[in-house]
Amino acid sequence: MALKCPECGQVAYTRTSSYEAPSVKRTWYQCRNLDCSCTFTALESVEKIIMKPHKSVAAEPEPRSDVPVLQPQTLGRYGSAYTHKDRHAQP
Ligand SMILES: [Zn+2]
């Protein structure tokens, strides 16, 4: 990411950056104009989450109490579980 120099308006390059907080990043910039060479820092932070990923629903379904996780699943068990889940989805 590039930012304009506050002194001369030319593009400044990122020198280094570090996180102040999990959602706040401080970046050190140096102006690429050799006559200016201004060095400054900027803070970048998460402003708003537009849409959260639905990881908990898609990737990690709720563990079923009647089906132990460590139990080996045969094709027959998988089929019955799928039918049961399908029936459960429709009230
Ligand atoms: Zn500058």
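Residues numbered from 1 in each chain as written. Predicted model: local features only at pLDDT ≥ 70, side-chain atom pairs only at ≥ 80, totals over all residues. Heavy atoms only, no water.

**A few points about the overall build of the protein chain**
Reasoning step 1: Looking only at helices and strands, the protein chain features 2 helices and 4 strands.
Reasoning step 2: Each helix and strand of the protein chain, ordered N terminal to C terminal, gives the series β-β-β-β-α-α.
Reasoning step 3: The 91 residues of the protein chain split such that 10% are buried.
Reasoning step 4: Taking contacts inside the protein chain between residues at least 6 apart in sequence as the whole, the part at least 24 apart equals 20%.
Reasoning step 5: Accessible surface, the protein chain as shown: approximately 8300 Å² in total, 55% of it carbon and sulfur. (Helix = DSSP H or I, 4+ residues; strand = E, 2+ residues; numbered from the N terminus. Buried < 20%, exposed > 50% of the residue type's maximum accessible area, 1.4 Å probe, protein only. Contact = heavy atoms within 4.5 Å. Areas by Shrake-Rupley, 256 points an atom, 1.4 Å probe, with all protein chains shown as cover.)

**Describing the environment of Val24**
Reasoning step 1: For Val24, the location among the structural elements is in strand β3 (residues 24-31).
Reasoning step 2: Using a relative accessible area of 22% as the deciding quantity, one classes Val24 as partly exposed.
Reasoning step 3: Sequence separation of Val24 and Leu43 is 19 residues, and the distance between their C-alpha atoms is 6.8 Å.
Reasoning step 4: Each residue touching Val24, except ones within four places of it in the same chain, is listed here: Ser18, Tyr19, Leu43, Glu44 and Ser45.

**Observations regarding the coordination of the zinc ion**
Reasoning step 1: With distances of 2.3 to 2.4 Å, the protein atoms coordinating the zinc ion are Cys5 (SG), Cys8 (SG), Cys31 (SG) and Cys36 (SG).
Reasoning step 2: Taken together, the 4 donor atoms surrounding the zinc ion define angles of 94 to 116 degrees at the centre, an arrangement classified as tetrahedral.
Reasoning step 3: We note that the donor set of the zinc ion lies within a single chain, spaced as C-x2-C-x22-C-x4-C. Linking Cys5 in the loop between β1 (3-4) and β2 (11-21) with Cys36 in the loop between β3 and β4 (39-45), this pair joins segments that are 31 residues apart in sequence.
Reasoning step 4: Assessed through its relative accessible area of 5%, Cys5 is described here as buried. (Donors = N, O, S within 2.8 Å, 3.2 Å for Na, K, Ca; no water. Tetrahedral: all angles 85-135°; square planar, octahedral: opposite > 155°, others 65-115°.)

**What about the pattern of salt bridges?**
Reasoning step 1: In the structure shown here, the tally under the stated rule is 2 salt bridges.
Reasoning step 2: Ionic pairing is found between Glu44 and Lys25, a salt bridge with its closest N-O pair at 3.8 Å. Of this pair, Glu44 sits in strand β4 while Lys25 sits in strand β3; the two residues are 19 residues apart in sequence, bridging distant segments of the chain.
Reasoning step 3: Assessed through its relative accessible area of 23%, Lys25 is described here as partly exposed. (Salt bridge = Lys/Arg side-chain N within 4 Å of Asp/Glu carboxyl O.)

**Observations concerning the nonpolar core**
Reasoning step 1: In this structure, Cys5, Ala12, Tyr29, Cys31, Cys38, Phe40 and Ala42 together form the largest nonpolar core, which totals 7 residues.
Reasoning step 2: Apart from residues no more than four positions distant in its own chain, Ala42 is found in contact with Leu3, Lys25, Arg26, Thr27 and Tyr29. (Core = buried A, V, L, I, M, F, W, Y, C linked by side-chain atoms within 4.5 Å.)

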